[in-house]
Amino acid sequence: MGLDMYAWRVKADEAETDFDIAENADPEELFYWRKHHDLHGWMERLYREKGGTEESFNCVKVRLTKEDLERLASDVIGNKLPQTTGFFFGNNPPNSDSIAQDMEFIGKALAATLQGDVVYYDSWW
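All values reported here derive from a predicted model rather than from experimental measurement.

> I'm lost on the sheet that holds strand E3 (residues 62–64) in this one. Help?
Read from one edge to the other, the open sheet built from four strands follows the order E2-E1-E4-E3, with strand pairing classed as antiparallel. Only two strands of the sheet have a single partner each, and these edge strands are strand E2 (28–34) and E3. Sheet twist, expressed as the mean angle between neighbouring strand axes with direction ignored, is 25 degrees.

> What exactly am I supposed to notice about the environment of Trp33 here?
Within the secondary structure layout, Trp33 lies in strand E2. A relative accessible area of 1% means that Trp33 is categorised as buried. Residues Trp33 and Ile21 lie 12 residues apart in sequence; the distance between their C-alpha atoms is 21 Å. In this structure Trp33 touches Leu3, Asp4, Met5, Tyr6, Ala7, Leu39, Gln101, Asp102, Phe105 and Tyr121, once residues within four positions along its chain are discounted. Within polar-contact distance, the side chain of Trp33 engages the side chain of Asp102 at 3.4 Å.

> For this particular structure, what's the right way to read the side chain of Asp102?
Counting through the fold element by element, Asp102 comes out in helix H3 (residues 96–114). No salt bridge is formed by the buried Asp102; the nearest opposite charge belongs to Arg45, separated by 12 Å. Setting aside chain neighbours within four positions, we find Asp102 in contact with Trp33, His36, Leu39, Val76 and Leu81.

> How should the packing of helix H2 (residues 66–77) against H3 be read in this particular structure?
Any two packed helices are characterised by how steeply their axes cross, that is the angle between the axes, and by the distance between the axes. As a packed pair, H2 and H3 sit with axes 10 Å apart at the nearest point and diverge in direction by 165 degrees. If you check the angle between H2 and H3, you find them roughly antiparallel. Like other packed secondary-structure pairs, H2 and H3 cross with a definite hand, here left-handed. On the side of H2, the interface is formed by Lys66, Leu69, Leu72, Ala73, Val76 and Ile77, while H3 contributes Ile99, Asp102, Met103, Phe105, Ile106, Ala109, Leu110 and Thr113. The residue makeup of the contact of H2 with H3, split by class, is 11 nonpolar, one polar and two charged.

> What should I look at first to understand H2 in this one?
An α-helical segment advances 3.6 residues per turn. Residues three or four places apart therefore align on the same side. For H2, spanning 12 residues, the distance from its first C-alpha to its last is 17 Å, which sits close to the expected 16 Å at 1.5 Å a residue. Listed in full, the buried residues belonging to H2 are Asp68, Leu69, Leu72, Ala73, Asp75 and Val76. Down the axis of H2, the smallest arc covering the buried residues is 165 degrees, so these residues share one side. Seen from the buried face of H2, the exposed residues on the opposite side, beyond 90 degrees, are Glu67 and Ile77. Lining the buried residues of H2 we find helix H1 (37–49), E3 and H3. Note on H2: the residue one or two positions beyond its end, Asn79, has a positive phi of about 55 degrees.

Parameters at a glance
- Residues numbered from 1 in each chain as written.
- Predicted model: local features only at pLDDT ≥ 70, side-chain atom pairs only at ≥ 80, totals over all residues.
- Heavy atoms only, no water.
- Pairing = 2+ DSSP bridges.
- Helix = DSSP H or I, 4+ residues; strand = E, 2+ residues; numbered from the N terminus.
- Axes fitted to C-alpha atoms, helices over the stretch in contact; angles between N-to-C directions.
- Buried < 20%, exposed > 50% of the residue type's maximum accessible area, 1.4 Å probe, protein only.
- Contact = heavy atoms within 4.5 Å.
- Polar contact = N/O pair within 3.5 Å; in protein donor to acceptor, adjacent residues only side chain to side chain.
- Lys, Arg positive; Asp, Glu negative; His and termini not counted.
- Salt bridge = Lys/Arg side-chain N within 4 Å of Asp/Glu carboxyl O.
- Parallel < 35°, antiparallel > 145°, perpendicular 65-115°, else oblique.
- Left-handed = near helix turned anticlockwise from the far one by under 90°.
- Nonpolar A, V, L, I, M, F, W, Y, C, P; charged D, E, K, R; others polar.
- Expected span 1.5 Å × (residues − 1).
- Arc of directions from axis to C-beta.

Treat this as a map of the structure, not an account of what it does.
So, in structure tokens, the structure goes:
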């Protein structure tokens, strides 16, 4: 058991809000991480900034816009992801591999948005 993290892409007409996709949506997995707790903390902060109200940021979606992804890229490169802890999160400090992986995700996510799709982050722990 642990922190499993996903990025999904859906067609624009399947995106309903910053937190929900249409019931009949057919999401495509864009990226997967395991126990990348600091990135999860960044996503939770974004969720709260967008008005997310669930007490536990678990099995909750948050939409990632082009501007969000650009801000994430800046924070990844600047080593500004918030230190985040949790019982199921593991202890994996940032390193060159995680930074490269994050930048790979950001590139894929930006490409999806340029194609008119919508990207969401989701996690389960």
